[in-house]
Amino acid sequence: MFELKLTVPGILPRVERDQSKYDPELDNFGSVLRDICEDLETAGVEFVARVCSEMYWPVTVRTDLLVVIEQLGDTLASLAQEQVGKLEFYEQGIEQVVLLIPRNGELLVQCSDLITGTTSQTESISMSRELVLKELTDLADDFLRASRACCEQLTSHPWFVEWATGLQQQVEKLRRPNLSSAQQ
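This one's a predicted model, so the numbers in the text were calculated from it and none came from an experiment.

### A short note on the packing of helix α1 (residues 29-42) against helix α5 (residues 158-175)
Then, number 1: Running from N to C, α1 and α5 cross one another at 90°; their axes reach a closest spacing of 8 Å. In terms of axis orientation, α1 runs roughly perpendicular to α5. Of the residues in α5, those touching α1 at Phe29, Val32, Leu33 and Ile36 are Trp159, Phe160 and Trp163.
Then, number 2: Taken together, the residues that form the contact of α1 with α5 break down as 7 nonpolar, no polar and no charged.

Have a look at this one:
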């Protein structure tokens, strides 16, 4: 099982925040993402995660989605290059690392404890590459759409715009086959 989804209410309230409060010496795009995730959770957005198991992980938008969404662009870039993608869930006692390992046209989804010990276990499942990529790209799309609907002022901050543009480019790269190789 590999499920990473947002559940967004039909009517998402708009939250207004002052984007000028960010200090270039103390903050970065992660500060903007943190505030967006707080506002999304307050607005009723939920994050759903279950990986390598039928059991849902106890995740939140404010903490766990923030952690995952910050890593998502790099994960998608790695998978686009047929390299191992990684998502670390390092908050709230979940403390799992999810590796997405390309193998024979599929992805081996591997979950293991972030902090290994004598009772650590690794769970693995082989899944369709397309299914995993769809889940990840849909998560990116849903996050960007909900963020823009709920937090218009924050999503117009230059740090967010730059980050979101890069994330959207990774999504598009994975959704469209490489045109140059198709033309050869």
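From this point on, the discussion continues.
### Looking at α1
Three or four residues apart is the spacing at which side chains of an α-helix point the same way, because the helix has 3.6 residues per turn.
Then, number 1: Under the 1.5 Å per step criterion, the end-to-end length of α1 is 20 Å for 14 residues, consistent within 8% with the ideal 20 Å.
Then, number 2: Burial in α1 covers these residues: Gly30, Ser31, Val32, Leu33, Asp35, Ile36, Cys37, Asp39 and Leu40.
Then, number 3: Where α1 begins, the side chain of Asn28 points an oxygen toward the backbone nitrogen of Gly30, at a separation of 2.7 Å.
Then, number 4: Once α1 ends, the next one or two residues include Gly44, with phi positive near 100°.

### A look at unusual backbone geometry
Then, number 1: Positioned with a positive phi, Glu82 is a non-glycine residue whose angle comes to about 60°.
Then, number 2: As for its position among the elements, Glu82 is in the loop between α2 (61-80) and β3 (85-89).
Then, number 3: Taking the relative accessible area as the measure of exposure, Glu82 reaches 48% and is therefore partly exposed.
Then, number 4: Notably, Asn104 is not glycine yet its phi reads approximately 55°, a positive angle.
Then, number 5: Tracing the backbone through its elements, the reader meets Asn104 in the loop between β4 (96-103) and β5 (106-113).

How each quantity is defined
Residues numbered from 1 in each chain as written. Predicted model: local features only at pLDDT ≥ 70, side-chain atom pairs only at ≥ 80, totals over all residues. Heavy atoms only, no water. Axes fitted to C-alpha atoms, helices over the stretch in contact; angles between N-to-C directions. Helix = DSSP H or I, 4+ residues; strand = E, 2+ residues; numbered from the N terminus. Parallel < 35°, antiparallel > 145°, perpendicular 65-115°, else oblique. Contact = heavy atoms within 4.5 Å. Nonpolar A, V, L, I, M, F, W, Y, C, P; charged D, E, K, R; others polar. Expected span 1.5 Å × (residues − 1). Buried < 20%, exposed > 50% of the residue type's maximum accessible area, 1.4 Å probe, protein only. Polar contact = N/O pair within 3.5 Å; in protein donor to acceptor, adjacent residues only side chain to side chain.

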